[in-house]
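# Observations on the model geometry
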Amino acid sequence: MTTTFPDVTISTDRLVLRPFEEEDVTALAEMMNDENITAWTSVPHPYTHADARAWATRDSHAERAEGRGIVFAVAEFLTQRLVGVVHLRNTDWRTRATEVGYVTAPWARGEGYAGESVLAVARWLFREQAFERVELRTAADNTASQQVAQKIGCISEGVLRNAWTVRTQTADGGWTDTRTDLIVWSLLPEDLDEGDGLDGYDGYESYESYDTHDTHDTHDTHGDGRGGYPGHLVPGQRSDANGHPVGADRK
């Protein structure tokens, strides 16, 4: 039985999904230091150039080689500029099921890139890799992530209570951890058959799932468990300890 994904590139009309390269390091570091990504994911903060280099040149490739999943760097087809990441992880080869997470660079939000890239990966999984289930998990307050999940045809299956930690910005500009519920979503082959289009989509994207795996499974660039690859999309806005909004507004 196959227990690793092939080393592939997937294309859409606007995007190319490919393995990470050395040339992606600077753009990746810039993207991962976005406030929204810091708030909703477990990536190191600040996210250093060394973190980005380790992910782009080593850790993301280990995901596929070790059978845990596969990581795609998402780039614009015409410009080759790094748009974001799609990450399949926690892959169960016996049940042909996996979990998807994704992140979109701040400059690329509002273009429907997250939905387009995740749908492309889902089609590839179902039609070429014989997978039967893709799972997403979103923080309870992460309404933008939930909108993307709905738009691409995911079905909400329930709530995992108090199952995740998000980061909230404090009055002094720091960050503090806060517990939150998770909403579980699934996408099956028949869900795509019933209508897998994104016509007219203009939703806001950033990273949209939480990090389900052990933080030292992947992206633990420090060796101390504080790494952790990010999870799903941010809501349009968060508040600091004084109630002031932080991050980007949802379009």
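Here the structure is shown first, and the text comes after it.
These numbers come from a predicted model, not from an experiment.

### A word on the sheet that holds strand β5 (residues 97–104)
The pairing of strands in a sheet happens through backbone hydrogen bonds and is either parallel or antiparallel. The strand order β1-β2-β3-β4-β5-β6-β8-β7 describes an open sheet built from 8 strands, whose pairing is mixed. Looking at strand neighbours, the two that pair on one side only are β1 (10–11) and β7 (155–169), the edges of this open sheet. Of the pairings in the sheet, the one linking strand β4 (residues 82–92) to β5 comprises 7 bridges and is antiparallel in character. Within β5, the residue paired with H87 across the bridge is G101. In the packing of helix α4 (residues 113–128) onto the sheet, contacts are made with β1, β2 (15–18), β3 (70–76), β4, β5, β6 (133–139) and β8 (175–187), and the angle to β4 comes to roughly 40°.

### Quick word on the pattern of salt bridges
A full pass over the atoms with the stated rule returns 11 salt bridges. Put simply, R109 and D34 hold a salt bridge, and the shortest N to O gap is 2.7 Å. Here D34 lies in the loop between α1 (25–32) and α2 (35–40) and R109 lies in the loop between β5 and α4, a separation of 75 residues in the sequence. In this structure D34 comes out as buried when scored by relative accessible area, which is 14%. The closest approach of N and O atoms between R68 and E63, which form a salt bridge, is 2.6 Å. Residue R68 is classed as partly exposed on the basis of its relative accessible area, which comes to 21%. What emerges from the salt-bridge pattern is a single network uniting R133, E135, R137 and E157.

Criteria and thresholds
- Residues numbered from 1 in each chain as written.
- Predicted model: local features only at pLDDT ≥ 70, side-chain atom pairs only at ≥ 80, totals over all residues.
- Heavy atoms only, no water.
- Pairing = 2+ DSSP bridges.
- Helix = DSSP H or I, 4+ residues; strand = E, 2+ residues; numbered from the N terminus.
- Contact = heavy atoms within 4.5 Å.
- Axes fitted to C-alpha atoms, helices over the stretch in contact; angles between N-to-C directions.
- Salt bridge = Lys/Arg side-chain N within 4 Å of Asp/Glu carboxyl O.
- Buried < 20%, exposed > 50% of the residue type's maximum accessible area, 1.4 Å probe, protein only.

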